[in-house]
Amino acid sequence: MKKGPVYLVKTKEGLVPVSHSRIEYVENASRMLEFHLTDGRQIKSIFMRKAFEEEIGTLAEDRSFMQVHKSFMINMGCIKRLDGNSVIMDSGVSIPISRKNIANVKREYLLFAAEQYR
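Residues numbered from 1 in each chain as written. Predicted model: local features only at pLDDT ≥ 70, side-chain atom pairs only at ≥ 80, totals over all residues. Heavy atoms only, no water.

Engineer: Would you mind showing me how to read the sheet that holds strand β4 (residues 32-37) here?
Structural biologist: The strands making up a sheet are joined through hydrogen bonds of the backbone, oriented either antiparallel or parallel. Strands sit in the order β5-β4-β3-β7-β6 across an open sheet of five strands; the sheet is antiparallel. Whereas interior strands pair on both sides, the edge strands pair on one side only; in this sheet they are β5 (42-44) and β6 (65-69). Strand after strand, the sheet turns through a mean of 20° between neighbouring axes, direction not considered. Alignment of β6 against strand β7 (residues 72-75), held across four bridges, turns out to be antiparallel. Within the sheet, the bridge partner assigned to methionine 66 lies in β7 and is isoleucine 74. (Pairing = 2+ DSSP bridges. Helix = DSSP H or I, 4+ residues; strand = E, 2+ residues; numbered from the N terminus. Axes fitted to C-alpha atoms, helices over the stretch in contact; angles between N-to-C directions.)

Engineer: Please clarify how the pairing of strand β8 (residues 79-83) should be interpreted in this entry.
Structural biologist: Each regular strand displays side chains that alternate between the two surfaces of the sheet. For β8 and strand β9 (residues 86-89), the ladder comprises four bridges, and the chain directions are antiparallel. Each residue of the ladder has a partner; that of aspartate 83, found in β9, is serine 86. Turn length for the β8-β9 hairpin, with the two strands adjacent in sequence and antiparallel, is two residues, and the turn residue glycine 84 shows positive phi of about 65°.

Engineer: Would you explain the packing of aromatic side chains in this entry?
Structural biologist: Where two aromatic rings form a pair, the distance of their centres and the angle of their planes describe that pair. Taken as a whole and assessed by the stated rule, the structure comprises two aromatic pairs. With a centroid separation of 5.1 Å and 35° between ring planes, the pair formed by tyrosine 7 and phenylalanine 35 is classed as tilted. With tyrosine 7 in strand β1 (residues 6-11) and phenylalanine 35 in strand β4, this pair connects stretches of sequence that are 28 residues apart. In this structure tyrosine 7 comes out as buried when scored by relative accessible area, which is 7%. The interplanar angle of 50° and the centroid separation of 6.2 Å between the aromatic rings of tyrosine 25 and phenylalanine 72 together place this pair among those described as tilted. Taken together, the positions of tyrosine 25 in strand β3 (residues 23-29) and phenylalanine 72 in strand β7 put the pair 47 residues apart, joining distant regions of the chain. For tyrosine 25, a relative accessible area of 5% puts it in the buried group. (Phe/Tyr/Trp six-rings, centres within 6.5 Å; stacked < 30°, edge-to-face > 60°. Buried < 20%, exposed > 50% of the residue type's maximum accessible area, 1.4 Å probe, protein only.)

Engineer: Any chance you could explain a nonpolar patch on the surface here in plain terms?
Structural biologist: Together, Val6, Leu8 and Leu15 give the surface a local cluster of nonpolar side chains, amounting to about 280 Å² of exposed area. Mapped onto the elements of the fold, leucine 15 is located in strand β2 (residues 14-19). Residue leucine 15 is classed as exposed on the basis of its relative accessible area, which comes to 54%. (Patch = residues over 30% accessible without salt bridge, like charges linked within 9 Å, V, L, I, M, F, W, Y side chains within 5 Å. Areas by Shrake-Rupley, 256 points an atom, 1.4 Å probe, with all protein chains shown as cover. Salt bridge = Lys/Arg side-chain N within 4 Å of Asp/Glu carboxyl O.)

And the structure:
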């Protein structure tokens, strides 16, 4: 079992612990969080009462994660490539980058990638 930070997803079945390293990206869909995992599984949260940013606050504190769009938080360790105004994830999913975020996303990803290869 991998050690490391864990995010507790509030689901209908109760709290589901998900290791940060297993999260490919999180999507805010109809006021519910959809956690897309590296093994292809999805975990859906219950209805959110708070804003997306507040709900995923603890995840945002992890340097591996970055919010690239108002509805998407991605794990930079799962990026296959940056493609203009979107990010292609390891799973092949294309995630949009908001226009105002493009320069920041590229800069943050380059810093992240540089740190990985030290």
